[in-house]
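# Topology and contacts: notes
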Amino acid sequence: MSADSPRTASQPKPATQYPMTEEEIAQAAERQSNLLVLRKVAPYLWPDDMPWVKKRVVWALIFLVVSKLISVVIPVLYKDAVDALANEGVPFLALGAVGLTIAYGMARAMNVGFQQLRDAVFARVGQRALRMLALETFEHIHKLSMRYHITRKTGGLSRIIERGVKGVEFLLRFLLFSIGPLILELLLVGIILTVLFDAWYLLIVTVTIGLYVWFTFAVTEWRVKLRRQMNDRDTDANQKAIDSLLNYETVKYFVAEQREAQRYDAAMAGYEEAAIKTNYSLAFLNFGQSLLITCGLVGVMILAAIGVQNGDLTVGDFVMVNAYMVQLTVPLNFLGTVYREIRQALVDMGQMFTLLDQPAEISDKPDAPALQVSGGRVTLDNVRFGYDDDRQILKGVSIEAAPGEMVAIVGSTGSGKSTIGRLLFRFYDVQGGAVRVDGQDVRDVTQDSLHRAIGVVPQDTVLFNDTIGYNIAYGRDNATQEDIEAAAKSAQIHDFIQRLPHGYETAVGERGLKLSGGEKQRVGIARTLLKNPPILLLDEATSALDSETEHEIQDALRQAGKGRTVLTIAHRLSTVAEADRIVVLEQGEVVEQGTHDDLLARNGRYAQLWQRQQSEGE
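With an unreviewed UniProt entry as reference, the protein chain is termed ATM1-type heavy metal exporter, source organism Sulfitobacter pontiacus. According to UniProt, the comment filed for the protein chain under the heading Subcellular location (unreviewed entry) is "Cell membrane".

This part covers the overall build of the protein chain. Tallying secondary structure elements over the protein chain gives 19 helices and 10 strands in all. Going through the 618 residues of the protein chain one by one, you find that 44% of them count as buried. Within the protein chain, contacts between residues separated by at least 24 positions form 75% of all contacts whose residues are at least 6 apart in sequence.

What follows concerns the confidence of the model for the protein chain. In the predicted model, the protein chain carries a mean pLDDT of 81, and the fraction of residues at 70 or more is 87%. Below a pLDDT of 50 lies the segment residues 1–20, which in the model reaches 7 contacts outside its immediate sequence neighbourhood of four places, other chains included.

Burial within strand β8 (residues 565–569) is extensive, with 5 of its 5 residues counted as buried. Burial of the side chains of β8 extends over both faces: Thr565, Leu567 and Ile569 are buried on one face and Val566 and Thr568 on the other. By the bridge criterion, 4 bridges tie strand β3 (residues 406–411) to β8 in an arrangement that is parallel. Paired with Ile409 across the two strands is Ile569, which belongs to β8. Examined bridge by bridge, strand β7 (residues 535–539) and β8 share 5 bridges and lie parallel to one another. Bridged to Asp539 within β8 is Ile569.

Attention now moves to the packing of aromatic side chains. A complete count under the given rule lists 13 aromatic pairs for this structure. Look at Phe385 and Tyr428: their rings are 5.6 Å apart centre to centre, the planes differ by 50°, and that puts the pair in the tilted class. Of this pair, Phe385 sits in strand β1 (residues 378–385) while Tyr428 sits in the loop between α11 (417–424) and β4 (432–437); the two residues are 43 residues apart in sequence, bridging distant segments of the chain. Under the relative-accessibility criterion, Phe385 is labelled buried at 0%. Within the aromatic cluster, the residues linked to one another by ring pairs are Trp59, Phe63 and Phe114.

Among the secondary structure elements, Glu586 is positioned in strand β9 (residues 581–586). Leaving out residues up to four positions away in the same chain, Glu586 has contacts with Ser412, Ser415, Val591 and Arg605.

As a further point, take the environment of Val590. With respect to the helices, strands and loops of the structure, Val590 is situated in strand β10 (residues 589–594). Judged by its relative accessible area of 28%, Val590 is partly exposed. Expressed as a C-alpha distance, the spacing of Val590 and Val397, which sit 193 residues apart in the sequence, is 6.1 Å. Apart from the residues within four sequence positions on either side, Val590 is in contact with Val397, Ser398, Ile399, Val583, Val584 and Leu585.

So, about the sheet that holds β9. Pairing within the open sheet is mixed, and its 6 strands lie in the order β6-β7-β8-β3-β9-β10. Both outer strands of the open sheet, β6 (454–457) and β10, are each paired with one neighbouring strand and no more. With strand direction ignored, the average angle separating the axes of adjacent strands in the sheet is 20°. Relative to β10, β9 runs antiparallel, the two sharing 5 bridges. In the strand pairing of β10, Glu586 is matched with Glu589.

Rolled over the atoms, a probe as big as a water molecule pinpoints where empty space is left. Within this structure, the stated rule accounts for 3 cavities of 30 Å³ or more. Counted as a void, the second largest cavity has a volume near 40 Å³. When contributions to the lining of the second largest cavity are tallied by element, the ones reaching two or more residues are α6 (199–246) and α9 (315–333). Considering every element that reaches the lining of the second largest cavity, the biggest residue donor is α9, with 4 residues. Within the lining of the second largest cavity, the residues separate by chemical class into 5 nonpolar, 2 polar and no charged.

So, how was this worked out
Per-chain numbering applies: the sequence of each chain, read as written, is numbered from 1 onward. Totals for whole chains, interfaces and linings use every residue, but because this is a predicted model, local features are given only for residues with pLDDT of at least 70 and side-chain atom pairs only at 80 or more, for both listing and counting. Side-chain calculation: all heavy atoms of the structure are included, whereas hydrogens and water are not. UniProt positions are given in the numbering used here, feature names are shortened, and annotations may be inferred rather than shown by experiment. Runs of H or I in DSSP of at least four residues are treated as helices and runs of E of at least two as strands, each being numbered from the N terminus. Type-normalised accessible area, obtained with a 1.4 Å probe on protein chains alone, sets the label of each residue: buried when under 20%, exposed when over 50%, and partly exposed for intermediate values. Contacts are residue-level and defined by heavy atoms, with any inter-residue pair within 4.5 Å sufficient. Confidence of the predictor at the level of single residues is captured by pLDDT, which takes values from 0 to 100. A pair of strands counts as paired when DSSP detects no fewer than two bridges linking them. Note on ring pairs: Phe, Tyr and Trp rings are taken, using the six-membered ring of Trp, and paired if centres are within 6.5 Å. Classes follow the plane angle, with under 30 degrees stacked, over 60 edge-to-face and the rest tilted. Axis definition: a line fit to C-alpha positions, over the contact stretch in the case of helices; interaxial angles, taken between N-to-C directions, run 0 to 180 degrees. Lining residues are defined by having an atom within 4 Å of a point belonging to a cavity or pocket. Those points lie on a 1 Å grid over the protein atoms alone, cavities being sets where a 1.4 Å probe fits but cannot get out and pockets being open sets with protein on both sides within 12 Å along at least five of seven lines. Grid points are joined across faces, edges and corners, and a volume is the space filled by probe spheres set on the points. Gly counts as polar in this scheme, as do all residues outside two lists: the nonpolar Ala, Val, Leu, Ile, Met, Phe, Trp, Tyr, Cys and Pro, and the charged Asp, Glu, Lys and Arg.

Next comes the structure, spelled out in C-alpha cells:
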C-alpha cells in the first residue's frame, strides 16, 4: 500500500488529541515566549560584527571553568591537611600539614580571584548589551505613532523600560554565572564522590538535589505569580503618582490633595497585600530548602561516619564529604532566588521586546527621498481621515496655501481644525486624498525632512526642565548664543530674559511651570524661529492667553510669519482677521473660504461665528 492510499479499517486510528486547558496553553505560550526572548538576547552576547565581544565572552567562560576546577580541589586539600594532622591516608600533595594548609588557602584565593577576573572581563560585554538595548528601546519609542503614545501611560511605559533593562542585566549575570557554574560544579562533585567513595553517596546527593530543585521550582512558580501581581500593583501605584504630579495644578484647583492621597494609598494597599504574600512564600521556600539540604547532608555524613568507624575511610574523608555538601549548599541556597529572578527577568524582558516589536504606524517608504522645499506651498487634496473607522473627522477637505501666504483655518469645536495640523506633520496618514508640500506627497518623503520643514507653535508650549537658553536652543542643533538671542528678540522675549537674575541660565521648572503662559509661548515661538522653517503651523497658539498677552504674542507671530507659508488654526476669529485667506470648517467639510471682509459680506457661517464671539466679548 502506498503512503498516500486511503486509510482502511485495519489501520490504527490516531490517538485522541484532548484539548489543552487554558493553564497548559498559557504555560506553553510562556515557554515559547521565554525561548524567543533568549534568542533575541543572544545576538547582544555574540555579535558577528564585534569580535572583541566574542573574545571577552570566551575568556570569561575559561575563567569560569578554571575557578570551578579549583573549587572542587579545595575540599581534597582540606581532607589531606586533616589526614596529615591525624597521620592517616595518602596526601594528594606531599607538603605536610602546614604546606597543605597554605595550598588550601591559595586555592581558595585563586578560586575567588578567577571568579572576579571572570566578572571583570564580562562587565564590558554586559554593560554594552544593556546600553544598546536601552538605546534601541528609547529610539523605538520615539518612532511609535502619536496614536500609541496617547493610549499608553507614561509611568507604566517608563517602568517597562526600566524593568526590562534590569532584567537583561540579571539574566546575563545569573544565567551565565550562576546556573551554568552550578551545573558544572554538580557534575564535577558527582564524579569525585563516585570515584573516591561509592555510588550510594552519588545517589543521596542526586536525590537530594533533585528534590531540592523540584521543590524550589514548584514554590517559585507560585511565587512568580505573586511577584507578578506585586509588580502590577507597583506599576498601578506608580502611574497614579506620576499622573497626579503631572496634573499638580489641576489637583490644587479642585482641592483634591486628599482625594489623590486616598487614590494612591488604595493602590499602595494592593501592593502591600501582594508584597506580604510574597514575603510569606519566601519564608516557606527558605525553610523547605533548608530542610531538604540538611536531610541530604546528614545522610551523606552518616555514610561517611560509618565508613570511618569501619576503618574504610579516614577522618579527612568525613571532613571532605561535609565540605563538598556545604560547598554545594551555597549556590543551591540561591537557586530559588536566581530561578525566580530569571523568570521575572524573562517576563520583564518579554514586555520590553513586545514594546520593541510594536510596529511604527507611520514609517518611511523604502528609499524615500528627502522633501525638497522650493516655496513652501501646502496642499490638502480631498483629504479624508478619522481616528476611528466608525467616525470620520475630515470628509473630503481641499485647502491650498501658496508660498508666503497666511491661511487661517477656523470652525467650531470638533470640526477637524487641529487634525489638519497633525496630518500635515504626518503624525497620522490620510485615509483618502493627499497632503502635499510643493507638489510632493508627504507620505513619499522622509519624515525627518518633512519635520525639518515645518515649525509648530502649539496651544500649550511644553518646556524641558532646564534653562530658558536650553529650551530656545532646542530649535536647532549647535545654535550659538548670538542665534539664541536673535530668535528671542524676534519673539519679543529677549528684554524679559535680560531682566531675570540669571538671564538665559534661568531654570524654567518642570514643563515650564515657573513661567507664565505668555512667557512660555514666547519661548516656544523663539524656539521655532531658531529652527527657521519655511512652513509655520500655529495650532491655536494664543487661545489660552488673556487678551493683552494675546495681542503681544500676535505681534511676535506676525514677525515670525514674514516670508513663510503660515497655516493658522484658530478658535478666536479676531486673531486671524488679517489672514490672506480664511477657511471655515464645519463637521469635517469646508463650507466657506475667503478674506475676513468677504466672508462677513456673505453673511454665512463665518459671519455667525464672528457675531457670536463679538457679542460674547461685549
